[in-house]
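Single-letter residue listing:
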Amino acid sequence: MSHEQKTPSTVAPVISAAGLARNFGHTRAVRGVSFDVAEGEVFGFLGPNGAGKTTTISMLCTLLAPSAGEATVAGYDIVGRRVEVRRSIGLVFQDPTLDEYLSAIQNLRFHAYAYGMPRRIRDERIHELMTLMELWDRRDASVREYSGGMKRRLEIARGLLHHPRILFLDEPTLGLDPQTRHRIWEYVLDLRQREALTIFLTTHYMDEAENCGRVAIIDEGEIVALDRPEVLKDSLGGDVVTLRVEDSEAAAAELLASHGLSADLAGDAVSFSVPQAEEFVPELIRSFPSKILAVAIRRPTLDDVFLSLTGRSIRGESPDNNQQLRRFVNTPGMRAQTR
């Protein structure tokens, strides 16, 4: 399966935002973000709980009106051309929105009816997507009988039913076990190839962000970095070395004085970045004045990038279960319910 992606330099943007902002009372949830997404790209918003990810995606999907700034999706203004935007996109949000009193196929038929799909096209498309998602044999089962992974696959099928140009995924594998998460991503990336889709996702999972052609790291409503995952990781200046020592503060002071290296402290461990760590570490061990108990070397992660930019880790964060936007109906006339 090829994961080759188009880049903004070769394809005109299918999503464009300029100074996009949203306030909730005195709270500035999104603070003037600007970015473009190329057609065919997998573009990710990576950030912790409350960073503004869901609010941004909600504005792009016309579920929330921006307080300032502007954006276009599939060439349509998100304020002035909302109906056209909604017909151009598919949505899969954090909260499940399936009708659990209906069967799986009834959920899809209802969605097709809302979009005015002719019956013959509807039935062919439902069969195609449910087969692809390995749900066809369970099409008549009540959604209440579905596992979490099956429900997520059905929601993705529903979002793609009307042939959208862009698929928005807000924390698409939230609450799923690692094996199911991996399988969902196999489906999504396969669909991107088959459907020539643009995919815009929000996540706090590092491995999901690695599937993106580019990642925007967002914190406290602002984009603090935007580039390809490998470029973001390379910006840290090399491999991450972690030393376990008897006195972490003394070790950090020695690294700064002797090698000009700034280190992060965590208990009895000090961590720092250095190019060509495999060559640097043996010499460090020979010359280090205090005892080194253990050494670990690894490639940087996007969590390391976030830590470097913000001073804290995304790891361990959970998605915000109290977002203003809670639920939606995935139809051309969809409405958001807010708290």
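About the thresholds
- Residues numbered from 1 in each chain as written.
- Predicted model: local features only at pLDDT ≥ 70, side-chain atom pairs only at ≥ 80, totals over all residues.
- Heavy atoms only, no water.
- Helix = DSSP H or I, 4+ residues; strand = E, 2+ residues; numbered from the N terminus.
- Pairing = 2+ DSSP bridges.
- Axes fitted to C-alpha atoms, helices over the stretch in contact; angles between N-to-C directions.
- Contact = heavy atoms within 4.5 Å.
- Core = buried A, V, L, I, M, F, W, Y, C linked by side-chain atoms within 4.5 Å.
- Buried < 20%, exposed > 50% of the residue type's maximum accessible area, 1.4 Å probe, protein only.
- Parallel < 35°, antiparallel > 145°, perpendicular 65-115°, else oblique.
- Left-handed = near helix turned anticlockwise from the far one by under 90°.
- Nonpolar A, V, L, I, M, F, W, Y, C, P; charged D, E, K, R; others polar.
- Phe/Tyr/Trp six-rings, centres within 6.5 Å; stacked < 30°, edge-to-face > 60°.
- Lys NZ or Arg CZ within 6 Å of the ring centre and 35° of its normal.
- pLDDT = per-residue confidence, 0-100.
- Salt bridge = Lys/Arg side-chain N within 4 Å of Asp/Glu carboxyl O.

### Considering the environment of Phe43
Here comes step 1: Mapped onto the elements of the fold, Phe43 is located in strand 3 (residues 42-46).
Here comes step 2: Taking the C-alpha atoms as reference points, Phe43 and Phe168, separated by 125 residues in sequence, lie 9.8 Å from one another.

### Structural notes on the sheet that holds strand 11 (residues 239-245)
Here comes step 1: Strand order across the open sheet formed by four strands is 12-13-11-14, with antiparallel pairing between neighbours. If you trace the sheet from one side to the other, it starts and ends with strand 12 (264-266) and strand 14 (292-298), each paired once. Neighbour-to-neighbour, the strand axes of this sheet turn through a mean angle of 20 degrees, independent of strand direction.
Here comes step 2: Against the sheet, helix 9 (residues 248-259) engages strand 11, strand 12 and strand 13 (269-274), with an angle of about 20 degrees to strand 13.

### Some points on the nonpolar core
Generally speaking, a soluble globular protein has its nonpolar side chains buried in company with each other.
Here comes step 1: Leu46, Met130, Tyr146, Leu154, Ile156, Ile199 and Ile217 are the most contacted members of the largest nonpolar core, which totals 49 residues.
Here comes step 2: Here this core takes six residues from helix 6 (residues 178-195), the largest share from any one element.
Here comes step 3: Those residues in contact with Ile217, other than ones at most four positions away along the chain, are Leu46, Glu222, Ile223, Val224, Ala225, Leu232, Val305, Phe306 and Leu309.
Here comes step 4: Judged by nonpolar contacts, the second largest core, of 32 residues, contains Phe24, Ala29, Val30 and Ile166.

### Description of the pairing of strand 9 (residues 214-219)
On a regular strand, each side chain points to the face opposite its neighbour's, so the side chains alternate between the two faces of the sheet.
Here comes step 1: For strand 9, a buried count of six out of six residues is recorded, marking the element as mostly surrounded by other parts of the structure.
Here comes step 2: Both faces of strand 9 are covered, namely the face carrying Arg214, Ala216 and Ile218 and the face carrying Val215, Ile217 and Asp219.
Here comes step 3: Examined bridge by bridge, strand 3 and strand 9 share four bridges and lie parallel to one another. Bridging across to strand 9, Phe45 finds its partner in Ala216.

### What to know about the packing of helix 3 (residues 104-114) against helix 4 (residues 119-132)
Here comes step 1: In contact at an axis separation of 11 Å, helix 3 and helix 4 are set at 135 degrees when each is read in the N-to-C sense. Put simply, helix 3 runs oblique to helix 4. The handedness of the crossing between helix 3 and helix 4 is right-handed. Between helix 3 and helix 4, the residues in contact are Ala104, Ile105, Leu108, Arg109 and Ala112 and Arg122, Ile126 and Met130, respectively.
Here comes step 2: Grouping the constituent residues of the contact of helix 3 with helix 4 by class yields six nonpolar, no polar and two charged.

### Brief notes about the sheet that holds strand 3
Here comes step 1: Sheet architecture is open: six strands sit in the order 6-7-8-3-9-10, paired in mixed fashion. In this open sheet, the two edge strands, each paired with only one partner strand, are strand 6 (89-92) and strand 10 (222-227). In this sheet, adjacent strand axes meet at a mean angle of 15 degrees when their direction is disregarded.
Here comes step 2: As paired strands, strand 3 and strand 8 (residues 198-203) are joined by five bridges and run parallel to one another. The partner of Phe43 across the bridge, within strand 8, is Phe200.

### Remarks on the packing of helix 3 against helix 5 (residues 148-160)
Here comes step 1: Across the interface, helix 3 lies against helix 5 with an axial gap of 9 Å and an inter-helix angle of 25 degrees. Classified by the interaxial angle, the pair formed by helix 3 and helix 5 is roughly parallel. Relative to helix 5, the crossing made by helix 3 is right-handed. Residues Ala104, Leu108 and His111 of helix 3 touch helix 5, and the partners they reach there are Leu154, Ala157 and Arg158.
Here comes step 2: Here the residues of the contact of helix 3 with helix 5 are counted per class, giving four nonpolar, one polar and one charged.

### Some thoughts on the packing of aromatic side chains
Here comes step 1: A full pass over the atoms with the stated rule returns eight aromatic pairs.
Here comes step 2: With 6.1 Å between their ring centres and 50 degrees between their planes, Phe43 and Phe45 make a pair best called tilted.
Here comes step 3: On the basis of relative accessibility, which here comes to 0%, the residue Phe45 falls in the buried class.
Here comes step 4: Sitting over the ring of Tyr205, Arg181 keeps its end group 3.8 Å from the ring centre.
Here comes step 5: Above the ring of Tyr187, the side-chain terminus of Arg183 is found at 4.5 Å from the ring centroid.

### Quick word on helix 1 (residues 53-60)
Here comes step 1: Here helix 1 lies mainly inside the structure; eight of its eight residues are buried.
Here comes step 2: Downstream of helix 1 by one or two residues, Thr62 has phi in the positive range, about 70 degrees.

### What to know about unusual backbone geometry
Here comes step 1: Its identity as a non-glycine residue notwithstanding, Ala74 has a phi of 55 degrees, on the positive side.
Here comes step 2: Assignment of secondary structure puts Ala74 in the loop between strand 4 (68-73) and strand 5 (76-77).
Here comes step 3: The phi torsion at Glu171 lies on the positive side, around 50 degrees, for a residue other than glycine.
Here comes step 4: For Glu171, a relative accessible area of 1% puts it in the buried group.

### Details of the confidence of the model for the protein
Here comes step 1: Summary statistics for the protein give a mean pLDDT of 87 and a share of 89% for residues scoring 70 or more.
Here comes step 2: Scored below 50 in pLDDT, residues 316-339 shows 66 contacts in the model against residues more than four places distant or in partner chains.

### Quick look at the pattern of salt bridges
Here comes step 1: Overall, the coordinates contain 26 salt bridges when judged by the stated rule.
Here comes step 2: We note a salt bridge from Arg119 to Asp123, for which the minimum N-O separation is 3.8 Å. Placement of the pair is Arg119 and Asp123 together in helix 4, with a separation of four residues, close to one helical turn.
Here comes step 3: Accessibility expressed as a relative area gives 63% for Arg119, which makes it exposed.
Here comes step 4: With its nearest N and O atoms 2.5 Å apart, the salt bridge here joins Asp304 to Arg298.
Here comes step 5: Each of Glu210, Glu230, Lys233, Asp234, Asp239 and Arg299 takes part in a single network of salt bridges with overlapping partners.

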